[in-house]
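Okay, here's what each chain looks like letter by letter:
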Amino acid sequence: MKEIKTATRLNAYLPHYDNKIDKVFGELKKVGINYVDINFPQQTIGIPARDMKKMLDENGLRPNGMEMRFEGHYLNGDLGNLNDKIYQDAIEMCKQAVDYCREIGGSMINIWSAHDGFDYSFQIDYLKVWHRIVKACQEIADYAPDIKFSIEYKPYEPRAYAFVDSMGTLGMILKDINRKNFGVLLDYCHMLMKHENPAMGSEIFASRGELFGVHINDGYGVHDDGLMVGTVTPFKTLEFLYYMKKYHFDGMYYFDTAPVIEDPSQETRKNIEMLKYLLNLLDRVGMEKIDKVINENDAIKARDLLLDFIKK
């Protein structure tokens, strides 16, 4: 099997290692992670890009890119904020992330606009916010045509309604952004929260060349549980991975799981183990056989296919 690009959330490790990012990098290497995504700006504060690159190199890790984290004065919106100063601050922060990303050798910026949304009826002008988000993304894309940008959607939390909340809304807004270096990052738990079937999104976006990355985890579909990969919805996870394999996805598998009482290193090892197991399972059952069952559109045969996975 070719190399699988894996990363995991650093903030699951930092409290265990005195918030020393170099110590965390050393542990990631031990557990089998080969790439790193860094929350911007929080995990870069006080660390110049050259020092970050040196720590990555010393631990045999490669940079994937930056995960945008809007906090503080962005509580009423970030790339869709109606306050011109805050709006420009959000755009500038993305450009700063690009500069940092380039200097450490990364190639991707993931944008989760946590605070673009609303909590009450009659609270926002939907069309105005839509146009501001589109314009901001176009400006960022044009600033760095060599960098890939992904948008990560979530239906709610922390706002009651997120503005970019689903695969449909994201597909529409990508069309308006109309930049080849803008695509999608699918978070498996977020899709369950929206009551979407994750496999549907993985096929649609991957078939268009718009799937730039995934946050893989699991949950019960009500909250952003961030449970270990394949522990709640293993068959859905298999179907999700099937389409990425079908369309030769070569992006990052980012383990967006949130250990609370679990040891983060043990959890990461189990996530890597499960991901490799599921990808191998697709090969053992056979991509052609799976494709044949899907094309027959027969629920009974689909049920029998699930037994084939168990038997293998």
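Residues numbered from 1 in each chain as written. Predicted model: local features only at pLDDT ≥ 70, side-chain atom pairs only at ≥ 80, totals over all residues. Heavy atoms only, no water.

## A short note on the overall build of the protein
- Along the backbone of the protein there are eleven helices and ten strands.
- Computed over the C-alpha atoms, the radius of gyration of the protein is 19 Å, within 12% of the 20 Å expected from 2.2 N^0.38 for a compact globule of 312 residues.
- With the principal axes as the frame, the protein shows a C-alpha extent of 60 × 50 × 35 Å.
- A burial count over the protein gives 54% of its 312 residues as buried.
- Per element, the accessible surface of the protein, about 14,900 Å² overall, is 53% carbon and sulfur.
- If the 39 positive side-chain charges of the protein are averaged to one point and the 47 negative ones to another, these points end up 4 Å apart. (Helix = DSSP H or I, 4+ residues; strand = E, 2+ residues; numbered from the N terminus. Rg over C-alpha atoms; globule rule 2.2 N^0.38 Å. Buried < 20%, exposed > 50% of the residue type's maximum accessible area, 1.4 Å probe, protein only. Areas by Shrake-Rupley, 256 points an atom, 1.4 Å probe, with all protein chains shown as cover. Lys, Arg positive; Asp, Glu negative; His and termini not counted. Charge placed at Lys NZ, Arg CZ, Asp CG, Glu CD.)

## Let's talk about the packing of aromatic side chains
- Taken as a whole, this structure holds ten aromatic pairs when the rule is applied.
- Aromatic side chains Phe70 and Tyr74 sit 5.3 Å apart centroid to centroid with 75 degrees between the ring planes, which places their arrangement in the edge-to-face category.
- Pairing Tyr188 with Phe240 gives two aromatic rings, centres 5.3 Å apart and planes at 70 degrees, and the pair type is edge-to-face. Of this pair, Tyr188 sits in helix α6 (residues 188-193) while Phe240 is found in helix α8 (residues 234-246), placing the two residues 52 residues apart along the sequence.
- Clustering of aromatic rings is evident, with ring pairs tying together Phe118, Tyr126 and Tyr161. (Phe/Tyr/Trp six-rings, centres within 6.5 Å; stacked < 30°, edge-to-face > 60°.)

## Brief notes about a nonpolar patch on the surface
- Taken together, the side chains of Phe235, Leu306, Leu307 and Ile310 define a hydrophobic patch exposed on the protein surface, amounting to about 330 Å² of accessible area.
- It is helix α11 (residues 299-311) that contributes the most residues to the nonpolar patch, three residues altogether.
- Structurally, the position occupied by Leu307 is in helix α11.
- On the basis of relative accessibility, which here comes to 31%, the residue Leu307 falls in the partly exposed class. (Patch = residues over 30% accessible without salt bridge, like charges linked within 9 Å, V, L, I, M, F, W, Y side chains within 5 Å. Salt bridge = Lys/Arg side-chain N within 4 Å of Asp/Glu carboxyl O.)

## Let's talk about the pairing of strand β4 (residues 108-111)
- Taking every second residue as pointing to the same face, both faces of β4 are buried, with Met108 and Asn110 on one and Ile109 and Ile111 on the other.
- Note: strand β3 (residues 62-68) against β4, four bridges, orientation parallel. Counted as the bridge partner of Gly65 is Met108 from β4.
- Crossover β3 to β4 through helix α3 (residues 84-104) is right-handed. (Pairing = 2+ DSSP bridges. Right-handed = clockwise from strand over helix to strand, strands pointing away.)

## Looking at the packing of helix α9 (residues 264-285) against α11
- Across the interface, α9 lies against α11 with an axial gap of 10 Å and an inter-helix angle of 115 degrees. One finds that α9 runs roughly perpendicular with respect to α11. Every pair of crossing elements has a handedness; the one defined by α9 and α11 is right-handed. Contacts from Leu281, Leu282 and Val285 in α9 reach Leu305, Asp308 and Phe309 in α11.
- Here the contact of α9 with α11 is built from residues that sort into five nonpolar, no polar and one charged. (Axes fitted to C-alpha atoms, helices over the stretch in contact; angles between N-to-C directions. Parallel < 35°, antiparallel > 145°, perpendicular 65-115°, else oblique. Left-handed = near helix turned anticlockwise from the far one by under 90°. Contact = heavy atoms within 4.5 Å. Nonpolar A, V, L, I, M, F, W, Y, C, P; charged D, E, K, R; others polar.)

## Structural notes on the nonpolar core
- One finds Phe25, Met52, Leu79, Ile109 and Leu241 to be the most contacted residues of the largest nonpolar core, which totals 93 residues.
- Per element, the largest residue contribution to this core is eleven residues, and it comes from α3.
- With near-sequence residues (within four places) excluded, Met52 lies in contact with Ile21, Phe25, Ile38, Gln43, Thr44, Ile47, Tyr100 and Ile104. (Core = buried A, V, L, I, M, F, W, Y, C linked by side-chain atoms within 4.5 Å.)

## Some details on helix α4 (residues 126-143)
- Between its first and last C-alpha atoms α4 spans 26 Å; for 18 residues at 1.5 Å apiece the expected length is 26 Å, and the two agree.
- Considered for burial, the residues of α4 that qualify are Val129, Trp130, Arg132, Ile133, Val134, Ala136, Cys137, Ile140 and Ala141.
- In this structure, the buried side of α4 is in contact with α3, β6 (148-152), α5 (167-177) and β8 (182-187). (Expected span 1.5 Å × (residues − 1).)

## What about the sheet that holds strand β2 (residues 35-40)?
- Ordered by their spatial adjacency, eight strands build an open sheet running β1-β10-β9-β8-β6-β4-β3-β2, and the pairing between neighbours is parallel. Strands at the two margins of the open sheet, each flanked by one partner only, are β1 (6-8) and β2. Strand-to-strand, the axes of this sheet are offset by a mean angle of 25 degrees, without reference to chain direction.
- Across three bridges, the pairing between β1 and strand β10 (residues 252-255) is parallel. The residue bridging Thr8 from the neighbouring strand is Phe255, located in β10.
- Strands in contact with α3 are β2, β3, β4 and β6; relative to β3, the strand with the most contacts, it is inclined by about 170 degrees.

## Concerning unusual backbone geometry
- Residues Phe40 and Pro41 are joined by a peptide bond in cis, for which omega reads 5 degrees.
- Here Pro41 is to be found in the loop between β2 and α2 (49-58).
- A positive phi angle, close to 50 degrees, is found at Asn297, a residue other than glycine.
- By secondary structure assignment, the location of Asn297 is in the loop between α10 (287-296) and α11.
- Residue classification places Asn297 among the exposed residues on the basis of a relative accessible area of 71%.

## Quick word on empty space enclosed by the protein
- In this structure the tally under the stated criterion is three cavities of 30 Å³ or more.
- Estimates place the volume of the largest cavity at around 140 Å³.
- Lining the largest cavity are 17 residues; nearest its centre among them are Trp112, Ser113, Ile151, Glu152 and Val164.
- At the level of elements, α4 and β6 are the ones that each hand at least two residues to the lining of the largest cavity.
- Residue composition of the lining of the largest cavity, by class: twelve nonpolar, one polar and four charged. (1 Å grid on protein atoms, 1.4 Å probe; cavity = no way out; pocket = protein on both sides within 12 Å on 5 of 7 lines; lining within 4 Å. Points joined across faces, edges and corners; volume = space filled by probe spheres on them.)

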